[in-house]
Amino acid sequence: MKDGARVLVFRSICVMKGFWIIGSIVLIAGLVSVAGGAEKSGGSEAAEERGKDLPTEVAAVLKENCYKCHGPEKEKGDVRFDTLSSDFIMDRAAAETWHDALDVVSIGDMPPEDEPELSEAEREVLTDWIRGKLDEAIAATKGQSEGVVLRRLNNEEYRYTLTDLLGIESDYGAKLPPDPLSPDGFANEGATLGMSAMQLEYYLESARAALDSVLIEGQRPARTVDVAEESDGLNGYGDGNPGERLGRVHYFALQVAEPPRFGNFTVRVTARAELVKGQAAPLMSVDYGNKISGAIQFIENLGLSAVTSKQPKVYEFTGRAEAFPLLPLQRGTETDKQKADRDKYVQLITVSNALEDGEADPKPLPRKKGEKRSKSRVYPEDENFPKIVVEKVEFVGHDYDSWPPRAHRRILFESDQSGVEYADEVITRFFRRAWRRPPTDAEVASYLDHYEGMVADGARPFEALREILAVAISSPNFLYLVEPRADGKGRPLDDYELASRLSYFLWSSMPDAKLSALADEGKLREPGVLASEVARLLAHPKSSRFVDAFSSQWLDLAGVDRIAVNPEYYPDFDVRMKPDLIRETQEFFGEVLRTDSSALQFLDADFTMANAALARHYGLKGPRTHRFERVSLKGTKRPGGVLAHASFHLTNSDGGQSHPIKRAVWILERLLHDPPKPPPPNVPSLDQIDKDFAKLSIREQMEIHRQQAACNDCHKGIDPWGIALEGFDALGMAREEVQRPIGKGGKMENTPAVTDTVLPGGHAIDGLEALQAYLLEEREEQFTHALSAKLLTYALGRPLELEDGPAVEELAHEFAAEGHRLPFLIERIVLSEPFQSK
C-alpha cells in the first residue's frame, strides 16, 4: 500500500515537473554559453568597444565624475562604468548595475561626499539616459522572464493549510527541515524552497497521521471525567487545600485516571483572582504533562488566560490527545510493553500562575528541628503578589459535540452513493478543496484506479480511501502553488490561481469557501470584488498570520532567538521575556495595519505595544496583564518606532555589547532596501589594529577601521548609521555610558556613549531622535519605495525583476499620496499586473 502511494506521488511530480527540469537544463546551458562568451570578450579591446556604445554626453558625465573610482585605474565595488555594457536587453546583469547606479545618483549617495557633486544638468543627462534604456529593456522583454513556476508551501503555510483543510489544529509537519530564507529575507520565495526525497517521506508520514486523527471508525467512545477540588500535590508544591492559592511557585494538579489516547478533550478550571492594587492580574497557565520520579516532564501548554474576576468563573481549554507525549498514538489493542510503559507515568493537568513581575521565586522554608510535615518543600506566601484561587479542575476526555465528529463528516459525508461511486464523490470534493481548484476527470480516474487496486488487494474501503486522501495531500497539487506559463511566456492568472495567491499572501493558507466560490463563478476579477475580498481577508482573524510572518521576515525578528543575552552584562534579564520582545514589533505592525494609519510610524511613533512585563522593562505604565496593549509614549522619555524596539537592538548585538555595524546594515537592508556589499576576505579584526582599541569610543574605533583601505570605501557609508544609536544598549535601554571589557581579565570599564556623527551626504546628526528626523525628512521616499518593494516581493513569492520596476514606482507613488496606509498598499499590490500575472 505504501509503495503504491509513493509511486502515485512520484508519478504526479514527474508529470508536473518534467517541463521544468528540461527548461532548467536549457537555461543552465545558456548561462554557461553566455559566461564563456563573456570571458572571451572580456579583454581591453572589447571593453573599449563597449565604452563607445555610450552617447557622447553620457560618456562625458561618467568620465568626469565616475571613472576615477569606477574606471581603468580603480574598480570600487567591482564596477567599471567605462567597460559596462550598455545593452540592457541582452545583458541583464549590466542593466541591474545601471539600475543601482540610477538609485544612488538619484538620492545623492554618489558621487561620495569627498568628491564634487554632479550639477543638475549632469544628473539629468545621466538619469534620463538610464531610465530611457531601462524602459526600452522592460518593453522588449515583458513577459519573457524565467520565473519559478512551482512554489512549495513553506512549513508555516503547510501547517496552516492542513489546519484549515481538516478543521483540526495540530503541529503538522513537525519533522520537516527548517525553511531556508531567500536573499531578501523571506521564507516564501519559490527559488529557495526545494524538495528532497526525505521531505517527501515526511509529508506522507504527516498526511497519514493527520487523516488518522480526523477520520474515525467505530462507535462513539465513552466520555471520561476526572474532577479535583483539592490538588493532588506535586512534590511539595501547593498545600493541597480546597481553594488552592496559586502564587509564584504553587501548582494545582489533577491526575487523569484514564488518559484518552486520541480525540478531543476539555479542561475546565473554576477559579477567581486575588488582585493587588497596582499589579497586573494573575495569569492562569494550564498544562498537560507527566509526573516522572516526582517531577513534571514532557509538558505541553494548553493555553493562558488572565484571571481578572474576584468572583468564581469557569475557564475552558481544549486539546487533542494525539498532540501530547507518552500517550500511544496508534488505535487498537496495546501490546503488553506499551501498556507497561504507559502505566509507569502519571498524566497530570496542572494549573499555575504564570504572572512575571521581575522578582525571583522564593526559596523553600527550612524544616525546623523536630518538625513533622507531609510536604517536602513549603514556600512562604508573598501577599503582594496577585494570586489565583482554584476551586475546581475538571478533565473531560472524548468530549465531542456529535459523532462522528464534525471534521470527519466534512470529509466522509453522508451520501446515497456507495462503493466506487461514493469514493469518486469523496475524492472529487476533497481534491477541490485540497488542490484549490477542481480536479480533472483524468486526475480523479487515476486515483480511483489506485483505490480500486487497493481494495482488490484486500484493503478495507475505509483504509483505502484514507490512504488515497493522504496521497493527495502529499502530491505537488497540494504542496505547491502551481502557476504554469503559456508557451514559456507570462500570462494572467486564472481565478483559482488568483484566489490562492491572495489567500496565501494574507492568510498563509488555502482560500476559504467564499473565495473559492468566487473563483468557481469566475467573478473574482469583477469591478470592486477583488478589492472587497482584500478588505474581508484583512479584517479576518487569520490575517494575524500575515502580520506575524511578514513583520518577522521583513524586520528579521528571528534574530532575537539567535542571540543569547549575556548575564554578565544583563544579570536581571529574564530569558522568558524574549517572546515579548518579538511580540512588541509584530503587534506594532498589526496596530499600524488595523488602524489604517501612516506606515511612517515604523520610523517614528508616539506609541508602542506592550504587555505588563515589557512595560516594566521599559519603565512604562499601563498594561496589567500578559496581553499587548497600545501604550502612549507622550510625556515619557521613551522613543517610538522600530529603531527603539528591544527586538532590533538585541538582534543587532552580541548579547552583551551593541553592534553599530550590524545596526547600520539592518537599517540599510530592512528600511531603505539598500544593502551594502559583503566585506572583502581577510579583513583584520579591529582589536588587532590598536592595542588600546577597547578603551576608545565607538566613533574612534570606526575611524581606525576606515583607515584600512579594504574597509574605508564601504564603511564610510555604513558606520554613521550605527554610531547614532550608541545611546541604547543591547536590550534597547537608553544609556550615557558604554560598558566594555578591558584587557584579558575581562575587567569592565565604562566609556562615554558617543552618538554624534555625519551621515553620507554630509548630514550631521546626534542620536536616535535626530536619525529618525533625518529618515523622515530626507529618506521618506526611499523608505516608501523600500517597503513597497519588500511587500510586493513577499506577495509574489519571488524576487523582483527588472520589469517589476515600473510597478514598484507606481505603488510607492500611490502609497505616499494616500498617506502611507498599509491596507491601501496591500490592495494596490493585489490589483497590480505583477500580482495578477505569471
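The structure presented is a predicted model; accordingly, all values stated were derived computationally and were not measured.

Rules used in this analysis
Residues numbered from 1 in each chain as written. Predicted model: local features only at pLDDT ≥ 70, side-chain atom pairs only at ≥ 80, totals over all residues. Heavy atoms only, no water. Salt bridge = Lys/Arg side-chain N within 4 Å of Asp/Glu carboxyl O. Helix = DSSP H or I, 4+ residues; strand = E, 2+ residues; numbered from the N terminus. Buried < 20%, exposed > 50% of the residue type's maximum accessible area, 1.4 Å probe, protein only. Pairing = 2+ DSSP bridges. Phe/Tyr/Trp six-rings, centres within 6.5 Å; stacked < 30°, edge-to-face > 60°. Lys NZ or Arg CZ within 6 Å of the ring centre and 35° of its normal. Patch = residues over 30% accessible without salt bridge, like charges linked within 9 Å, V, L, I, M, F, W, Y side chains within 5 Å. Areas by Shrake-Rupley, 256 points an atom, 1.4 Å probe, with all protein chains shown as cover. Lys, Arg positive; Asp, Glu negative; His and termini not counted. Charge placed at Lys NZ, Arg CZ, Asp CG, Glu CD. Core = buried A, V, L, I, M, F, W, Y, C linked by side-chain atoms within 4.5 Å. Contact = heavy atoms within 4.5 Å.

Per the stated rule, a full pass over the model turns up 40 salt bridges. Aspartate 164 is the partner of lysine 542 in a salt bridge, and the nearest nitrogen-oxygen pair spans 3.4 Å. Placement of the pair is lysine 542 in the loop between α16 (529-539) and α17 (543-554) and aspartate 164 in helix α6 (residues 155-166), with a sequence separation of 378 residues. Judged by relative accessible area, aspartate 164 falls into the buried class, the value being 14%. Glutamate 383 serves as the salt-bridge partner of arginine 245, at 3.4 Å between the closest nitrogen and oxygen. Of this pair, arginine 245 sits in strand β3 (residues 244-246) while glutamate 383 sits in the loop between β9 (346-353) and β10 (387-397), and the two are 138 residues apart along the sequence.

Where burial is concerned, the two faces of strand β16 (residues 756-759) differ: the one with Thr757 and Leu759 is buried and the one with Asp756 and Val758 is not. Bridging between β16 and strand β17 (residues 763-766) involves 4 bridges; their strand directions are antiparallel. By the bridge assignment, aspartate 756 is partnered in β17 with aspartate 766. Linkage of β16 to β17, two consecutive antiparallel strands, is achieved through a turn of 3 residues, within which glycine 761 is found at a positive phi near 95°.

This next bit is on the packing of aromatic side chains. One pair of aromatic rings is described through two measures. These are the centre distance and the angle between the planes. Counted by the stated rule, this structure contains 29 aromatic pairs. Summarising the aromatic geometry, the rings of phenylalanine 546 and tyrosine 794 are spaced 6.0 Å apart at their centres and angled 55° between planes, so their arrangement reads as tilted. With phenylalanine 546 in helix α17 and tyrosine 794 in helix α27 (residues 780-796), this residue pair connects regions lying 248 residues apart in the sequence. One exposure class covers both phenylalanine 546 and tyrosine 794, and it is buried. With 5.6 Å between their ring centres and 55° between their planes, phenylalanine 550 and phenylalanine 589 make a pair best called tilted. Of this pair, phenylalanine 550 sits in helix α17 while phenylalanine 589 sits in helix α19 (residues 578-594), and the two are 39 residues apart along the sequence. By the ring-pair criterion, three or more aromatic residues cluster together here, those being Phe186, Phe505, Phe546, Phe550, Trp554, Phe588, Phe589, Phe602, Phe607, Tyr794 and Phe835. In this structure, arginine 501 is placed above the aromatic ring of phenylalanine 835, and the distance from its NZ or CZ to the ring centre is 5.7 Å. It is arginine 545 that lies over the ring of tyrosine 160; its NZ or CZ is 4.1 Å from the centre.

Together, Glu421, Asp424, Asp441, Asp449 and Glu452 line one region of the surface with negative charge. Here the negative patch gets 3 residues from one element, more than from any other, and that element is helix α11 (residues 441-456). With respect to the element layout, aspartate 449 can be found in helix α11.

By size, the foremost hydrophobic cluster in this structure holds 96 residues, and its most contacted members are Phe505, Phe546, Phe602 and Leu671. Looking at this core, the element that brings in the most residues is α27, giving 8 residues. Dropping the residues within four chain positions of it, phenylalanine 546 is found in contact with Phe505, Leu506, Ser551, Phe589, Leu593, Leu791, Tyr794 and Ile826. Core analysis: the next-biggest nonpolar cluster, separate from the first, contains 48 residues, Tyr172, Met454, Ala470 and Tyr480 among them.

Purely spatial values, then, with no claim about function.
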